[in-house]
Amino acid sequence: MNETPVVKQAEGRSAASPTSTATPASGASPGSDRADLRPENIQDAVIRLAGNSQDGIQTAGAFLARLAGRSDHDVMTYMTIPATISGGPSIFQVRIGSGEVLSAGDEADFLVAFYQHSYQDHLDFLREGGVLLYDSDNVEPNLDDKRFVYVGVPITGLTVEALGGTAKDKGKNIFVLGLIAKIFNLDVEKLKKLITEKFGGKDQSIVNTALMAFQAGYAYPVGNVLTKHYRFEHFPKTSGRAQITMDGNQALAYGLIAAGVRYGAGYPITPWSSIMETLRRELPKYGGIFVQAEDELGAVSLALGFSYSGYLAVTGSAGPGISLKAEAIGWASMAEIPLIVCNIQRGGPSTGLPTNVEQSDLHQAIFGSHGDSPRVVLAAASVEDCFYIAIEAARIARKYSTPVFILSDTSLATRIEAFDEPDLPKLMVDPKPDLTPREGGFKPYDLERITQHIPPGTRILDGKYPLIGGLEHDEMGHPTGSPKLHMAMTAKRRNKLRRLAEEIPVPEVYGDQEGNTLLVGWGSTYGPIHDAVKMGREHGEKIGALHLRHVHPLPNGLEKIFAKFKRVVTVEMNDQGLYGYGQLATILRARYCEPKIQSVTKTDGLTFRVKEILQGVFPGKFVSVRGYSPNRPVSGNGDQDVDVARAESIAQGAG
């Protein structure tokens, strides 16, 4: 086994480093011993692990992300996993920063390639001058390509040597984690604690094996590989609150619990399932229960039964499952039953792209029912916002006695971020139903008031109890075919959402408050849009951004903001449709009759890069900024060529 690392970099170039304030030194020559690596402080680094889903690279990447959170660094991750049971190519990207991190990074500073296909598919994602760390047992790079620093380490062989011949391919991820910990001067003790916590529920031998692999990677003589190691600068948090690190589905589940949701029902589907599993595990601790139903219609019907009993309940799915729930959600609109419906969006239609991201269910959430069936639609902007959007959804559902959709997506579901621990004593809601006896004359569907049902078993002093059903009804819930009452009840159900619109705050504009271009987004595009505005302003553009959490109804007053900009451009991960506009743009154009509303859309199953937004909004510009590839061909109208888009998808692991 050749244990001498292979190091090669372009002649006349400096060795690669992440975003840094120091000047990199030249690369080490093979075989030289540089045990005393020179430290270099950095503020930001993008690390991409590329291999197969069976290699556990998501586990290794998650360790890096959670360590960043526990070290008061900002962090954001991005991952792709294959949709097939047999597995396949996969990546995990983690961006760690000493300041605010809003996107996962357009390019990698440090690429780890486990296999030849990992090297070939992802090399173009590595920035020029970046470090390629590859498994020399499985990868043969083209060392004549002078753009990068090449570091070859026999990862497979060294892992087997450290753990014994039975290890085979197991443990490579943790070995690489040790290598990265050494190169980036990470907190070893915290990492070992994270490893112990992760595998602690299993046999002790598994914990010991993982620690052995980590130690072997950490002990590898990286002084033979690089001239320096890196150290993330530390800026103490000003909030005074501890940071927590989790993915969006975890944040949404715990937000529901904080909001007083104690009951729910669902059916497994990617990427909703982990919310369901979290609620199944956690709700019994709070006296509640989550039921796995036999199908989607059964799940939403069970949830409606819980809500009817006086306990606000939750159900959820991805787009295909929401389609199956549509009939019962329409019943909830007619009966005015509060309900939370989570849609963790993925690529569609049909089974579509089960493990890729898309924002193509907005129209389904707003209009996806027969008849005039008004409902509220909210969209989480970040992992942290997944927690708080659940609390907002519960508040609205209770106050307005209506179904409330929470739109998330695959990106948020699997992305890991660090954020300040919520102030739970101030946020926790007591879900106990109000069984106080009601005076005579109680009418749940009073035309002059917003419907508020009473829990079954509540005493009504005059003995006149109302009904609840899916037929059109009078103020007591009795079925009716009266044209006059149907018109009045339809208006009642509509107008309570108009009242909600009056209380929704108008979102703040980020960047320029007036100018040439306003970017409008919703959901997980928040970070890339804000980074695009920041970069655009640095290059002289008069540009701002507005992000919508309350998508339906829209807050009042948006037209006053739109009037201050020459162009309003929505940025959406859905198709431009028959008429050339994304789903949000279509709604905004219908609402405001404003022809200056345009859209930049895409449907490649991947999150937006900052460069894609800038190039889509300003065709032909921004071809030389960091994060944009100058050799990527773009047609005159800003649309990407099909072959380029295909290559891009393969490079990010979606091919």
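In what follows, the structure referred to is the one given above.
Structural notes, computed from the coordinates. Note that the coordinates shown come from a computational prediction; the quantities given were computed from them, not determined experimentally.

Parameters at a glance
- Residues numbered from 1 in each chain as written.
- Predicted model: local features only at pLDDT ≥ 70, side-chain atom pairs only at ≥ 80, totals over all residues.
- Heavy atoms only, no water.
- Axes fitted to C-alpha atoms, helices over the stretch in contact; angles between N-to-C directions.
- Helix = DSSP H or I, 4+ residues; strand = E, 2+ residues; numbered from the N terminus.
- Parallel < 35°, antiparallel > 145°, perpendicular 65-115°, else oblique.
- Left-handed = near helix turned anticlockwise from the far one by under 90°.
- Contact = heavy atoms within 4.5 Å.
- Nonpolar A, V, L, I, M, F, W, Y, C, P; charged D, E, K, R; others polar.
- Pairing = 2+ DSSP bridges.
- Buried < 20%, exposed > 50% of the residue type's maximum accessible area, 1.4 Å probe, protein only.
- Right-handed = clockwise from strand over helix to strand, strands pointing away.
- Salt bridge = Lys/Arg side-chain N within 4 Å of Asp/Glu carboxyl O.
- Polar contact = N/O pair within 3.5 Å; in protein donor to acceptor, adjacent residues only side chain to side chain.

### Details of the packing of helix H1 (residues 57–70) against helix H5 (residues 188–199)
Each pair of packed helices can be described by the angle between their axes along with the distance between the axes.
Okay, step 1: Where H1 meets H5, the closest approach of the two axes is 10 Å, and the angle between their N-to-C directions is 125°. Taken together, the axis directions place H1 and H5 in an arrangement best described as oblique. Between H1 and H5 the crossing geometry is right-handed. When H1 is examined against H5, the residues Thr59, Phe63, Arg66, Leu67 and Arg70 are found in contact with a partner set consisting of Lys190, Leu191, Lys193, Leu194, Ile195, Glu197, Lys198 and Phe199.
Okay, step 2: Residue classes in the contact of H1 with H5 are distributed as six nonpolar, one polar and six charged.

### With respect to the sheet that holds strand S14 (residues 339–345)
Okay, step 1: If you trace the seven strands from one edge of the open sheet to the other, you get S12-S11-S13-S14-S16-S15-S21, paired in mixed fashion. With partners counted over all chains shown, the strands left at the sheet margins are strand S12 (289–292) and strand S21 (550–552), one partner each. Ignoring which end each strand starts from, the neighbouring axes of this sheet average 25° apart.
Okay, step 2: Sheet analysis places strand S13 (residues 313–317) next to S14, joined by four bridges and oriented parallel. Note that in S14 the partner of Val314 across the bridge is Ile340.

### Examining the pairing of strand S11 (residues 263–266)
For a regular strand, the rule is simple: side chains alternate between the two faces of the sheet.
Okay, step 1: Side chains Tyr263 and Ala265 project from S11 onto one buried face, and the interleaved Gly264 and Gly266 project onto a second face that is buried too.
Okay, step 2: Here S11 runs beside S12; their pairing, made up of four bridges, is parallel. From the neighbouring strand, Ala265 faces S12, where its bridge partner is Val291.
Okay, step 3: With helix H8 (residues 273–282) bridging S11 and its parallel neighbour S12, the resulting β-α-β unit is right-handed.
Okay, step 4: In the sheet, S11 pairs with S13 via two bridges, with the strands oriented parallel. For Tyr263, the partnering residue across the bridge sits in S13 and is Ala313.

### Concerning the pattern of salt bridges
Okay, step 1: Evaluation of the coordinates by the stated rule reveals 26 salt bridges.
Okay, step 2: One salt bridge in this structure joins Lys285 and Glu282, with 3.2 Å as the shortest N-O distance.
Okay, step 3: Of the charged contacts, one joins Arg493 and Glu472 as a salt bridge, the two residues approaching to 2.9 Å between their closest N and O atoms. Here Glu472 lies in the loop between helix H14 (424–427) and helix H15 (483–503) and Arg493 lies in helix H15, a separation of 21 residues in the sequence.
Okay, step 4: Look at Glu472 and you get buried, because its relative accessible area is 9%.
Okay, step 5: Residues joined in a network through salt bridges with shared partners are Glu392, Arg395, Lys399 and Glu503.

### With respect to the side chain of Thr355
Okay, step 1: Within the secondary structure, Thr355 is located in the loop between S14 and helix H11 (362–367).
Okay, step 2: At a separation of 2.8 Å, a polar atom in the side chain of Thr355 contacts the main-chain carbonyl oxygen of Ile81.
Okay, step 3: Those residues in contact with Thr355, other than ones at most four positions away along the chain, are Ile81, Pro82, Ala83, Thr270 and Thr410.

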